[in-house]
Amino acid sequence: MVRRAVCPGSFDPVTNGHIDIIGRAAALFDEVIVGVGVNRSKSASSSKLFTADERMAMIRDAVTPWPNVRVEGFSGLVTEFCREVGAVAIVKGLRGSSDYDYELQMAQMNSHLTDVETVFLMTDPGMSFVSSSLVKEVASFGGDVADFVPAHVLTALTQRLAERREQG
Ligand code: PNS
């Protein structure tokens, strides 16, 4: 039986922290599907810098070292997406206790909804302070985020932020 895991997230944009978790999940499972959430219901402040297609393309470029990883968009519940793709587990990274509190709640809800397991991998300590939102904020004020995202993501981020600045 092929054991599949889903790595879900919004990936706006994908960071080296995400890629570390995806690569480690690829070593644990036969197949990993990176599930890019396309309709997350969070506050208006979560409006995306990149479209779902752009986010997926950036992840595809980043996961070429792992032939057992593929990238798909999903809308609706992550548990439903797991059922559709035949995944037995959701894999997520934990950076620290604030992630834990939120992730525990989601994992317990998801386990109530289905029998999919949530597997947590501890984030690389060198990446424990890295998040997509902080990367965007630092980059938008001209800070150097080259250590935290792949080169092609840095290029796309720099371009998109420049476009946003021109648009005012
Ligand atoms: O990158 P993020 O913001 O941590 O990703 C969050 C994501 C997409 C994994 C989460 O919001 C999610 O699972 N959304 C799908 C909707 C859903 O299943 N919600 C119930 C979770 S208990």
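Scroll up for the structure.
Caption draft 1: Region of the structure containing the environment of Tyr-100. Relative to the helices and strands, Tyr-100 is located in helix α4 (residues 97–113). Between the alpha carbons of Tyr-100 and Phe-120 there is a distance of 9.3 Å; along the sequence they are 20 residues apart.

Caption draft 2: Seen up close, the packing of helix α2 (residues 52–62) against helix α6 (residues 151–167). It is at 10 Å that the axes of α2 and α6 come closest, and there the two elements cross at 155 degrees. Judged on the interaxial angle alone, α6 and α2 are roughly antiparallel. Contact with α2, carried on its side by Glu-54, Met-58, Asp-61 and Ala-62, involves His-152, Val-153, Ala-156 and Arg-160 of α6 and no other residues of that element.

Caption draft 3: Geometry of the pattern of salt bridges. Considering all chains together, one arrives at 10 salt bridges under this definition. Residue Glu-31 pairs with Arg-4 through a salt bridge whose shortest N-O separation is 2.7 Å. Of this pair, Glu-31 sits in strand β2 (residues 31–37) while Arg-4 is found in strand β1 (residues 4–9), placing the two residues 27 residues apart along the sequence. Here Arg-4 falls in the partly exposed class, since its relative accessible area comes to 22%. Two residues, Arg-160 and Glu-54, come together in a salt bridge whose shortest N-O distance is 2.7 Å. Taken together, the positions of Arg-160 in helix α6 and Glu-54 in helix α2 put the pair 106 residues apart, joining distant regions of the chain. The exposure class of Glu-54 is partly exposed, given its relative accessible area of 26%. Each of the salt bridges in this network shares a partner with another, and the network as a whole consists of Arg-4, Glu-31, Arg-70 and Glu-72.

Caption draft 4: Seen up close, α2. Looking at α2, one finds that the buried residues are Ala-52, Arg-55, Met-56, Met-58, Ile-59 and Ala-62. For α2, the angular spread of the buried residues around the axis is 160 degrees, confining them to a single face. In this structure, the buried residues of α2 make contact with α1 (16–28), β2, β3 (69–74) and α6.

Caption draft 5: Looking closely at the packing of aromatic side chains. Under the definition given, this model contains two aromatic pairs. Taken together, a centroid distance of 5.5 Å and an interplanar angle of 90 degrees make the contact between Phe-129 and Phe-148 edge-to-face. Residue Phe-129 is found in the loop between β5 (117–122) and α5 (132–140), and its partner Phe-148 is found in the loop between α5 and α6; the two are separated by 19 residues along the sequence. In this structure Phe-148 comes out as buried when scored by relative accessible area, which is 19%.

Caption draft 6: The sheet that holds β1, seen in detail. With parallel pairing, the five strands of this open sheet are ordered in space as β3-β2-β1-β4-β5. Bordering the open sheet on either side are β3 and β5, each of which pairs with just one other strand. Between one strand axis and the next, the sheet turns through 30 degrees on average, direction left out of account.

Here is what the cut-offs are and how they apply
Positions within a chain are numbered from 1, following the residues in the order the chain's sequence is written. Reporting of local features is limited, given that this is a predicted model, to residues whose pLDDT is at least 70; pairs of side-chain atoms are given and counted only at 80 or more, and all residues count toward the totals for whole chains, interfaces and linings. The basis for every side-chain value is the complete set of heavy atoms in the structure, and neither hydrogens nor water enter the calculation. Every helix listed is a DSSP run of H or I at least four residues long, and every strand listed is a run of E at least two residues long, numbered separately from the N terminus. Fitted lines through C-alpha atoms serve as axes, helices being fitted only where they are in contact, and the angles separating the N-to-C directions of these axes extend from 0 to 180 degrees. An angle below 35 degrees is read as roughly parallel, one above 145 as roughly antiparallel, one from 65 to 115 as roughly perpendicular, and any other as oblique. The contact criterion used is simple: two residues touch if any of their non-hydrogen atoms lie within 4.5 Å. Basic side-chain nitrogens of Lys or Arg form a salt bridge, by our definition, when they fall within 4 Å of a carboxyl oxygen of Asp or Glu. Between buried and exposed lies partly exposed: a residue is buried under 20% and exposed over 50% of the maximum accessible area for its type, with that area taken using a 1.4 Å probe on protein chains only. Working definition: the arc comes from the directions between the helix axis and the C-beta atoms, pointing outward to the latter. Only Phe, Tyr and Trp rings take part, Trp by its six-membered ring, and two of them pair if their centres are within 6.5 Å. Stacked means planes under 30 degrees apart, edge-to-face means over 60, and tilted covers everything else. Here, strands pair whenever DSSP counts at least two bridges between them.

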